[in-house]
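The residues making up each chain are set out below.
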Amino acid sequence: MNTLTVLAAAAFGSNVYLMTFSTVRWLNQLASRIKVAGLVVTGMVLCAVFGIIAFASQSVTIGFIVGAVITPPVHQWILQRRRHVASS
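Residues numbered from 1 in each chain as written. Predicted model: local features only at pLDDT ≥ 70, side-chain atom pairs only at ≥ 80, totals over all residues. Heavy atoms only, no water.

Caption draft 1: Spotlight on the packing of aromatic side chains. Counted according to the given criterion, the structure contains 3 aromatic pairs. On the basis of an interplanar angle of 70° and a centroid distance of 5.7 Å, the ring pair of Phe 50 and Phe 64 is categorised as edge-to-face. Pair noted here: Phe 50 is in helix 2 (residues 32-55) and Phe 64 is in helix 3 (residues 58-87), with a separation of 14 residues, a long-range link. Clustering of aromatic rings is evident, with ring pairs tying together Phe 12, Phe 50 and Phe 64. (Phe/Tyr/Trp six-rings, centres within 6.5 Å; stacked < 30°, edge-to-face > 60°. Helix = DSSP H or I, 4+ residues; strand = E, 2+ residues; numbered from the N terminus.)

Rendered as structure tokens:
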């Protein structure tokens, strides 16, 4: 297992999470029909990305999963810290 490949895939998994998070957040502000269509397209793109990752080597798959799992709690921590610093 190549360590550099795992780290690169972890960064990619983190990026996919953050892009999906911001896309869904933006779609929630739109009209209902557009929101549903956007969520369907977003889901299809995520399925394609996951399929490509699953077809790749074991180190890419492990790195992608690590990046996607670690990012949400870190992202929430950063957002909470930003609110705390802004209110001080």
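Don't stop here, the text continues.
Caption draft 2: Layout of the confidence of the model for the protein. A residue-level look at the protein finds 98% of positions with pLDDT of 70 or above and a mean pLDDT of 86. The least confident element of the protein, judged by mean pLDDT, is helix 3 at 82; the most confident is helix 2 at 90. (pLDDT = per-residue confidence, 0-100.)

Caption draft 3: Expanded view of the nonpolar core. In this structure, Ala 9, Val 16, Leu 46, Ile 53, Val 60 and Phe 64 together form the largest nonpolar core, which totals 6 residues. Contributing elements (two or more residues each) for this core: helix 1 (3-27), helix 2 and helix 3. Not counting the four nearest positions on each side in its chain, Phe 64 is found in contact with Ala 9, Ala 10, Phe 12, Gly 13, Val 16, Val 49, Phe 50 and Ile 53. (Core = buried A, V, L, I, M, F, W, Y, C linked by side-chain atoms within 4.5 Å. Buried < 20%, exposed > 50% of the residue type's maximum accessible area, 1.4 Å probe, protein only. Contact = heavy atoms within 4.5 Å.)

Caption draft 4: Expanded view of the side chain of Thr 71. Here Thr 71 is to be found in helix 3. Accessibility expressed as a relative area gives 9% for Thr 71, which makes it buried. There is a polar contact of 2.9 Å between the side chain of Thr 71 and the side chain of Ser 14. Beyond its immediate stretch of four places on either side in the chain, Thr 71 contacts Ser 14, Tyr 17 and Leu 18. (Polar contact = N/O pair within 3.5 Å; in protein donor to acceptor, adjacent residues only side chain to side chain.)

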